[in-house]
Amino acid sequence: MEIAGVPTRRAARPTVRLRRSLTSRVNASTLVAHAPLALVLALQAIISLVTLNNTPFEDEALYIYAGRQVLHALITQTPLSDPFPRYLSGSPYFYPLLAGAVDGWGGVQAARALSLVAMLVVTACVYWIAGHLFGRETALFSAALYGFQGTTLFLGRLATYDAFCLMFLALSTALALRASATKSPFLSIALGPLLTLAILDKYVALLWTPSALALLAWLTLRRWGWRQMAIRLDLAVIALVLSAATAYAALGSDLLQSIMGSTTNRAVVSHAARLPLVWEVISLGGITLGLALAGLLLANRSQRVTAAIFLASALLAPAYHIYKAEPISLNKHIAYALFFAAPLAGFAVTCVSVSFQRAARQALDTAQSWLPGLGVCLVIFTLGMQQANWQYHQWGNTTGMASVLRTLVRPDSGRYLAEDMEVARYALQDVTADWQWTGPYWFEYTSASGQYFSGVAAYQAALADGYFDVVELSYGATAPLDIAIQSELGPGSHYILVAKVPYHDVFGNGYYWIWRKQTPG
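The following paragraphs examine the structure supplied in this document. Keep in mind that this is a model prediction, so the values were computed, not measured.

## What about the packing of aromatic side chains?
Scanning all chains against the criterion turns up 27 aromatic pairs. With 4.4 Å between their ring centres and 50 degrees between their planes, Tyr63 and Tyr161 make a pair best called tilted. Of this pair, Tyr63 sits in helix α3 (residues 58-76) while Tyr161 sits in helix α7 (residues 161-181), placing them 98 residues apart in sequence. Each member of the pair, Tyr63 together with Tyr161, is buried. Ring plane angle 70 degrees and centroid distance 6.1 Å describe the contact between Tyr511 and Trp513, whose orientation is recorded as edge-to-face. The class of Tyr511 is partly exposed, set by a relative accessible area of 37%.

## Some details on the layout of surface pockets
Gaps left between atoms show up when a probe the size of a water molecule is rolled over them. If you add up the space inside the second largest pocket, you get close to 260 Å³. Around the second largest pocket, the lining is made up of 13 residues, and of these Val40, Ala144, Phe148, Leu374 and Cys377 lie nearest the centre. For the lining of the second largest pocket, the class distribution of residues is 13 nonpolar, no polar and no charged.

## Some remarks on the pairing of strand β7 (residues 508-517)
Remark: a regular strand shows side chains that alternate across the two faces of the sheet. In this structure, strand β5 (residues 470-473) lies alongside β7, joined through four bridges in antiparallel fashion. Its bridge partner lying in β7, Val471 is registered against Trp515. By the bridge criterion, 10 bridges tie strand β6 (residues 495-505) to β7 in an arrangement that is antiparallel. Bridge assignment links Lys500 to a residue of β7, and that residue is Trp513. In sequence, β6 turns back onto β7 through a hairpin of two residues.

## A closer look at the packing of helix α8 (residues 191-201) against helix α9 (residues 209-224)
Close contact between α8 and α9 brings their axes to 10 Å; oriented N to C, the two are set at 160 degrees. In terms of orientation, α8 and α9 fall into the roughly antiparallel class. Remark: the crossing between α8 and α9 carries right-handed chirality. Residues Leu191, Leu195 and Ile199 of α8 pack against Thr209, Ala212, Leu213 and Leu216 of α9.

## Let's talk about unusual backbone geometry
Both trends apply: most residues other than glycine have a negative phi, and most peptide bonds are in trans. Backbone geometry places Gln77, a non-glycine residue, at a positive phi of 60 degrees. Assignment of secondary structure puts Gln77 in the loop between α3 and α4 (95-134). The residue Tyr475 is not glycine, and still its phi comes out positive at about 55 degrees. Positionally, Tyr475 belongs in the loop between β5 and α20 (479-485).

## Considering a nonpolar patch on the surface
A cluster of nonpolar residues, Leu275, Val278, Trp279 and Ile282, forms a patch on the protein surface that exposes about 450 Å² of accessible area. Relative to the assigned elements, Ile282 resides in helix α12 (residues 274-298). For Ile282, a relative accessible area of 45% translates into the label partly exposed.

## Quick word on the environment of Leu41
Along the chain, the position of Leu41 falls in helix α2 (residues 35-51). In sequence terms Leu41 and Leu120 are 79 residues apart; their C-alpha atoms lie 6.2 Å from each other. Once residues within four sequence positions are removed from consideration, Leu41 is found in contact with Leu120, Thr123 and Ala124.

Scoring rules and cut-offs
Residues numbered from 1 in each chain as written. Predicted model: local features only at pLDDT ≥ 70, side-chain atom pairs only at ≥ 80, totals over all residues. Heavy atoms only, no water. Phe/Tyr/Trp six-rings, centres within 6.5 Å; stacked < 30°, edge-to-face > 60°. Helix = DSSP H or I, 4+ residues; strand = E, 2+ residues; numbered from the N terminus. Buried < 20%, exposed > 50% of the residue type's maximum accessible area, 1.4 Å probe, protein only. 1 Å grid on protein atoms, 1.4 Å probe; cavity = no way out; pocket = protein on both sides within 12 Å on 5 of 7 lines; lining within 4 Å. Points joined across faces, edges and corners; volume = space filled by probe spheres on them. Nonpolar A, V, L, I, M, F, W, Y, C, P; charged D, E, K, R; others polar. Pairing = 2+ DSSP bridges. Axes fitted to C-alpha atoms, helices over the stretch in contact; angles between N-to-C directions. Parallel < 35°, antiparallel > 145°, perpendicular 65-115°, else oblique. Left-handed = near helix turned anticlockwise from the far one by under 90°. Contact = heavy atoms within 4.5 Å. Patch = residues over 30% accessible without salt bridge, like charges linked within 9 Å, V, L, I, M, F, W, Y side chains within 5 Å. Areas by Shrake-Rupley, 256 points an atom, 1.4 Å probe, with all protein chains shown as cover. Salt bridge = Lys/Arg side-chain N within 4 Å of Asp/Glu carboxyl O.

Okay, structure coming up:
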């Protein structure tokens, strides 16, 4: 029954059902369309979790330990025992604080899980950016090329600044593209805080801040003209300045000192020949960087400036390391380069696939036309697994070393010299205090007679006086110091060798040598 002009409940039901049917079809089609991305992310996560296992790396131990100390200082309102803000490459009040809090709940594996989530977000951003610029097929190839890189897999299992810094840079880049396409200019305001978070996480993000702003400016200019470009760029820069000023007001002058000391005015600690660094860049990312260059050459005129910004951004980190002749962190910074290279590389692979389909003089289905692209992804997949496994075993397993030290250290009593101090201090933080530990990089000592020493002489004098209660050496990165002081640990000295703990890494076999101070009498 119907009343004139008024539909009854029964008459409305088909419309509701039709809407639900359309909604379910749209949701189903969306899920099917993005299923390949889900597969890439699942493989990226599984490879990282299953194949990469080792005890904490020294940087992981340092950052997590710093975060635990910062958390304790904030809760107890006591000063930090170590001036972390002055020498860490990112704010200790940001990522280390988060990693330290998570570590207190689930250990280093929980902190590594945060990095894995962050790197999955980066891969998803690569997918979205490539799709936004070049289309869905390019998006899939780009995500696979990036997600299966050795350095990507490596950072997904490393509890350091890099994964979160990359995540904020990736979100900033995606936001710059999105903000340039919207009618309203106000979305560009969010770019400032996102870039500030990236910089706070790791100061090296300053290198790519102009890239995000350049993308916003150019894409806005191309779509909306000069006036909108000026408005949106001004909004983003003002928001960035205000966000940075807020961070400075909250963290104080230590923030500026840390940026200058660890990044902008950084002194190169370990120089390397430039040719080996070039080869390392080629071995870790040469295929993708080469494909990115091809993508730039294949881009049409309207895409070429955007492609040039991405390629130039990809070359920033390799160019810096080669120019400075600095090998430290190059393997991690390649991941930043490949993030910007991946969309162009995916575009190049798509072009090759299309050309392959056209060149064949027979009808090919979609799966067959993807064969060249799948082949490239398979090569990256194979190399990526090998490279990630190699990078993840550049340091030895420290479980045995930490177990021996645990039997020798005492809470609030004794002083310990350890070449692998960061790992030992992190592993034994429940039974030792920060002041008890001394590392191999710098030391000052005043003898009982009042004579002052620094550097190698300080270590030698302290050992000659029996200042340290336990000594651990592994003859690794600081082997010259170890050799210089080993005479103070031999026969007739204050120390006796109590353990030689074997370890193995990608460079070969070695030992953690552990001495304890002899008891008089």
